[in-house]
There are 2 protein chains.
Amino acid sequence: MKLYTAKLAPNPRRVHMFLAEKGLLDQIERVELDLATQTKIPDHLGRNPLGLVPVLELDDGRFLTESRAICSYLEHMHPEPNLMGQTPEERAFIEMFDRRVEWGVLLPLANWVRHGHPGLGVLEKPQIADFAEASSQKAKAAMVWLDEDLAGRDYVAGNRFTIADITAFCALEFARLVKFKPWESHPNIARWRDQVKARPSADVG
Amino acid sequence: MKLYTAKLAPNPRRVHMFLAEKGLLDQIERVELDLATQTKIPDHLGRNPLGLVPVLELDDGRFLTESRAICSYLEHMHPEPNLMGQTPEERAFIEMFDRRVEWGVLLPLANWVRHGHPGLGVLEKPQIADFAEASSQKAKAAMVWLDEDLAGRDYVAGNRFTIADITAFCALEFARLVKFKPWESHPNIARWRDQVKARPSADVG
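The rules we used
Residues numbered from 1 in each chain as written. Chains lettered and ligands numbered in written order. Predicted model: local features only at pLDDT ≥ 70, side-chain atom pairs only at ≥ 80, totals over all residues. Heavy atoms only, no water. Helix = DSSP H or I, 4+ residues; strand = E, 2+ residues; numbered from the N terminus. Rg over C-alpha atoms; globule rule 2.2 N^0.38 Å. Buried < 20%, exposed > 50% of the residue type's maximum accessible area, 1.4 Å probe, protein only. Contact = heavy atoms within 4.5 Å. Areas by Shrake-Rupley, 256 points an atom, 1.4 Å probe, with all protein chains shown as cover. Lys, Arg positive; Asp, Glu negative; His and termini not counted. Charge placed at Lys NZ, Arg CZ, Asp CG, Glu CD. Core = buried A, V, L, I, M, F, W, Y, C linked by side-chain atoms within 4.5 Å. Least-squares fit on C-alpha atoms with pLDDT ≥ 70 in both. UniProt positions renumbered as here; feature names shortened; annotations may be inferred. Salt bridge = Lys/Arg side-chain N within 4 Å of Asp/Glu carboxyl O. Polar contact = N/O pair within 3.5 Å; in protein donor to acceptor, adjacent residues only side chain to side chain. Pairing = 2+ DSSP bridges. Right-handed = clockwise from strand over helix to strand, strands pointing away. Domains from an automatic or database assignment. Buried area = accessible area lost by both parts, 1.4 Å probe. 1 Å grid on protein atoms, 1.4 Å probe; cavity = no way out; pocket = protein on both sides within 12 Å on 5 of 7 lines; lining within 4 Å. Points joined across faces, edges and corners; volume = space filled by probe spheres on them. Phe/Tyr/Trp six-rings, centres within 6.5 Å; stacked < 30°, edge-to-face > 60°. Lys NZ or Arg CZ within 6 Å of the ring centre and 35° of its normal.

Chemist: Tell me about the overall build of chain A, and please be specific about residues and values.
Modeler: Scanning chain A for helices and strands turns up seven helices and four strands. Element order for chain A, N to C, with α for helix and β for strand: β-α-β-α-β-β-α-α-α-α-α. In summary, chain A has a C-alpha radius of gyration of 17 Å against a globular reference of 17 Å for 205 residues, a match within 12%. For chain A, buried positions account for 58% of its 205 residues. Expressed as a percentage of contacts within chain A between residues at least 6 apart in sequence, the contacts between residues at least 24 apart total 65%. Here chain A displays about 8600 Å² of accessible surface, and carbon together with sulfur accounts for 52% of that area. Both charge centroids of chain A, one from 26 positive and one from 29 negative side chains, sit 3 Å from each other.

Chemist: How would you sum up the nonpolar core? Please name residues and give values.
Modeler: Grouped together as the largest cluster of nonpolar side chains are 120 residues, with contacts concentrated most on Val-105 and Trp-192 of chain A together with Val-105 and Trp-192 of chain B. The next biggest cluster of nonpolar side chains, apart from the first, holds six residues, and it includes Phe-131 of chain A together with Ile-128, Phe-131 and Ala-134 of chain B.

Chemist: Tell me what's going on with the relation of the copies chain B and chain A, and back it up with residues and numbers.
Modeler: Its rotation angle being 180°, the transformation that places chain B on chain A also includes 0.0 Å of axial translation and leaves an RMSD of 0.0 Å. On this basis, the relationship between the two copies can be described by a two-fold rotation axis. When C-alpha distances to the rotation axis are compared across chain B, the minimum falls at Phe-131 of chain B, with a value of 3.4 Å. When the interface residues of chain B are mapped onto chain A, 100% of them are again interface residues, pointing to one common binding face.

Chemist: Provide a residue-level description of the UniProt feature "domain: GST N-terminal" (unreviewed entry) in chain A, including the pertinent values.
Modeler: Under the present numbering, the feature "domain: GST N-terminal" (unreviewed entry) in UniProt falls on residues 1–82 of chain A. The straight-line gap between the two end C-alpha atoms of residues 1–82 of chain A is 21 Å; of that span, 33% is helix and 17% is strand.

Chemist: Give me the lowdown on the interface of chain B and chain A, citing residues and values where you can.
Modeler: Contact residues are listed per partner, giving 37 residues for chain B and 37 residues for chain A. For the pair chain B and chain A, the interface holds ten salt bridges. Linking Arg-68 of chain A and Glu-95 of chain B is a salt bridge whose minimum nitrogen-to-oxygen distance equals 3.0 Å. Remark: the boundary between chain B and chain A carries 14 residue pairs in polar contact (both at pLDDT 80 or more). For the side of chain B that touches chain A, the secondary-structure elements that each account for two or more residues are β4 (63–65), α3 (67–77), α4 (88–116) and α5 (129–151) of chain B. The dominant element in the side of chain B that touches chain A, judged by the number of residues it contributes, is α4 of chain B, at 13 residues.

Chemist: Tell me about the pairing of strand β2 (residues 29–32) of chain A, and please be specific about residues and values.
Modeler: All names here are of chain A. Pairing of strand β1 (residues 2–5) with β2 involves four bridges; the strand directions are parallel. Considered in β2, the bridge of Lys-2 is made with Glu-29. Since β1 and β2 lie parallel, the crossover through helix α1 (residues 10–21) that links them has a hand, and here it is right-handed.

Chemist: With reference to specific residues and values, describe the domain arrangement of chain A.
Modeler: Residue and element names in this part refer to chain A. If you check the domain split of chain A, you get domain 1 (2–77) and domain 2 (88–202). Taken together, the contact between domain 1 and domain 2 spans twelve residues of the former and 19 residues of the latter. Counting each side, the surface lost to burial between domain 1 and domain 2 is near 1500 Å², with a carbon and sulfur contribution of 66%. If you sort the residues of domain 1 by the area they bury against domain 2, Arg-14, Met-17 and Arg-68 come out on top, with a joint share of 45%. Two residues, Arg-199 and Glu-21, come together in a salt bridge whose shortest N-O distance is 2.8 Å. In this structure, the connection of domain 1 to domain 2 is made through seven residue pairs in polar contact (both at pLDDT 80 or more). Among the secondary structure elements, those contributing two or more residues to the side of domain 1 that touches domain 2 are α1 and α3 (67–77).

Chemist: So what's going on with empty space enclosed by the protein? Which residues, and what values?
Modeler: Residues and elements named next belong to chain B. This structure, assessed with the given rule, holds five cavities of 30 Å³ or more. Roughly 60 Å³ of volume is contained in the largest cavity. Lining the largest cavity, in full, are Arg-13, His-16, Met-17, Ala-20, Leu-25, Ser-201, Ala-202, Asp-203 and Val-204. Of the pockets and cavities examined, the second largest cavity occupies roughly 40 Å³.

Chemist: Account for the packing of aromatic side chains, with residues named and values stated.
Modeler: The description of an aromatic ring pair uses the distance of the two centres, along with the angle that the planes make with each other. Using the criterion set out here, one finds six aromatic pairs over all chains in the structure. Ring centres of Tyr-155 of chain B and Phe-161 of chain B lie 6.1 Å apart, and the angle between their planes is 90°; on these two criteria the pair is classed as edge-to-face. Accessibility expressed as a relative area gives 7% for Phe-161 of chain B, which makes it buried. Over the ring of Trp-183 of chain A we find Arg-193 of chain A, and its NZ or CZ is 3.5 Å from the ring centre.

Chemist: So what's going on with unusual backbone geometry? Which residues, and what values?
Modeler: The omega torsion across Glu-80 of chain A and Pro-81 of chain A is -10°, close enough to zero to call that bond cis. Relative to the elements of secondary structure, Pro-81 of chain A occurs in the loop between α3 and α4 (88–116). For the peptide bond that leads from Val-53 of chain B to Pro-54 of chain B, omega is 5°, which places it in the cis range. Following the sequence through the fold, Pro-54 of chain B ends up in the loop between α2 (42–45) and β3 (55–57). Positive phi is not limited to glycine here, since Glu-66 of chain A has a value of about 75°. Structurally, Glu-66 of chain A can be placed in the loop between β4 (63–65) and α3.

Below you can see the structure in the form of structure tokens.
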């Protein structure tokens, strides 16, 4: 298997952290692509018509894209430690929590960064300042329910670490580009983030 | 089980169509909520802290949210007809295609509608005209790869109908609000859409 990636971007980082939790990060060949010059070209569009990373090339030559789908495949191939649910019912609930932070936290934060950070202008054309501002408001509102959610349990999806923690953690790490540090004002997010940040998989390498 | 929903919105419609394909639509109690007045209130925030529909209330009182997670649960409870993959590997590839149309087609189309249609101002505050325009450009660009993808196979994820067709179809149906009709200029989308539209599950009821 070969992973086409850009490790500082939030979605590739989700897959890296997932691989690290599985003990697989150094067992898969990784090809770092420059997001500004190497993803919207024919070579990469042949791997993913959307021109995005990450892309996992399987040994039979097929290309699997979309971070969460790649994780689903890896979870099947390497079931331990379990990160996506032991039973179909648990898998549905973890999927719920993963999507909740993906759409409710990562999406507004990514929109804030992509439309608001001068350095991201090469990727997001046109950058729209009003949309960056509206996204920042949505992201800040999301911290309220995330903090309340985390008051009642250790991790995003319950009392153990799962893929949903990876998604939420990578989202907050990306938002450091706009100096957003919700852990400074939300105690449950702070406690949860400290736990996740202490894991070896949190180190982007 | 009880489904809190708003059948004309694209995400609830995905679950309705999924249920209809399973022959379950009339077997689950449905509670229609008004998106402008009945979803951001304490009653519903207790079901989903994000104040969104659909929400599936299970018989044990738990609330399952997020359209695709609800479908994962229903697929487990009612495996036939299979809509999300027979094997873990097929499930990962169908998840890839479902996410590809969700993020690459539904998201820009929904942003176009929510930021561009006067009637959606009650849900999207503030509406940002420049972002509606940028989203419309992304959606139109997405139609190029979707049409090319569909040139090589009957359905979005391969040669049989799956959840990915439901996501793509519901996205295009929602975009009719801004009079976007990509099937008029993209022959493979037109052929695919005709097939999907002929299914009884395509009728929103």
